[in-house]
Amino acid sequence: TGTLHIVATPIGNRDDISARAIATLRQVAVIAAEDTRHTRPLLQHLGIDTPLVALHDHNERTAVDGLVERMRHGDDVALVSDAGTPLISDPGFRLVRAARQASLKVSPVPGASAVIAALSVAGLPSDRFIFEGFLPAKGGARKARLAELAGESRTLIFYESSHRILECLEDMREVFGVDREAVMARELTKLFETVLGAPLGELVGLVAADPNQEKGEFVVMVAGREAGEDERIAEGLRVFGILKEELP
Ligand code: SAM
């Protein structure tokens, strides 16, 4: 049987593709791509002429069966998305699940992902973090989601697009408060790469004052809530209470 290779591609700078990704894309029988029009220029640039098929959110259910069938008959398949690591706020979940359910080998060819690239330069605590992907597009639902996260102590990471970045930061300022530290990473690995860190009150001002700061692709990171001394003591007592019941 064939193998499904999950292949990361660059998030901006084309040199960020790995040697193994290039070899894999050249070797497989077919490449399943989120948008073939987007992947074709990358393959051309790499001198690769492996056939492409589309696998996006709207055809994933039907495309999956054909690809699993091909792998059952021995074809190796690579999955790529438009940028970064497939399945990370990108299509592919159904294909990977179906391949694993069919006992086919699924193997990663790791590389760029905006969430990890951003966290690695943010200077926020990185030992524990949660990735929230895209927030809901509508204001009410977005604020509700943020409110659910207001007490979270781990670093929060979000993806955002250019037309909502300012609204998103404004909602964060409202829900998390002006003093909460945040970092906005824009256009990573590209010409206008910018990493801005400030308390949310200031960060909103910086972005609102410069229209260029609303252009491109963004990762927004917010420091987790720092529990005060009293809260830490109360939490410690609560946990102690739970443990005590477990003790002999
Ligand atoms: N699969 C990708 C990954 O591994 O990062 C993410 C795909 S998601 C559809 C696209 C979002 O990722 C953008 O809206 C932005 O939030 C983030 N992103 C992608 N490339 C970026 C970059 N170069 N700089 C900052 N954020 C980026």
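See the structure shown above.
Predicted model, so just to flag it, every value in this text is computed and none were measured.

A. Unusual backbone geometry, seen in detail. Phi angles above zero are rare outside glycine, and E187 is one such case at about 55°. Its 17 C-beta neighbours within 10 Å are what place E187 among the partly exposed residues. If you check the backbone angles, T189 has positive phi at about 65° while not being a glycine.

B. Quick peek at the sheet that holds strand β10 (residues 217–222). Pairing is mixed in the open sheet, where five strands are placed in the order β6-β7-β10-β8-β9. The sheet is open, and its two edges are formed by β6 (129–134) and β9 (194–199), each paired on a single side. Adjacent strand axes in the sheet meet at a mean angle of 15°, parallel and antiparallel pairs treated alike. Taken strand by strand, helix α5 (residues 114–122) contacts β6, β7 (155–161), β8 (181–186), β9 and β10, and its axis lies near 55° from that of β10. Lying on the sheet, helix α8 (residues 200–209) is in contact with β8 and β9; it crosses β9 at an angle near 135°.

C. Geometry of the site of the ligand. Neighbouring residues of the ligand: 23 residues in total, closest G84, S113, A114, Y159 and L188. When its residues are assigned to classes, the shell around the ligand shows 10 nonpolar, eight polar and five charged.

Calculation notes
- Residues numbered from 1 in each chain as written.
- Predicted model: local features only at pLDDT ≥ 70, side-chain atom pairs only at ≥ 80, totals over all residues.
- Buried ≥ 20, exposed ≤ 12 C-beta atoms within 10 Å, placed from the backbone.
- Pairing = 2+ DSSP bridges.
- Helix = DSSP H or I, 4+ residues; strand = E, 2+ residues; numbered from the N terminus.
- Axes fitted to C-alpha atoms, helices over the stretch in contact; angles between N-to-C directions.
- Contact = placed C-beta atoms within 7 Å.
- Near = placed C-beta within 6 Å.
- Nonpolar A, V, L, I, M, F, W, Y, C, P; charged D, E, K, R; others polar.

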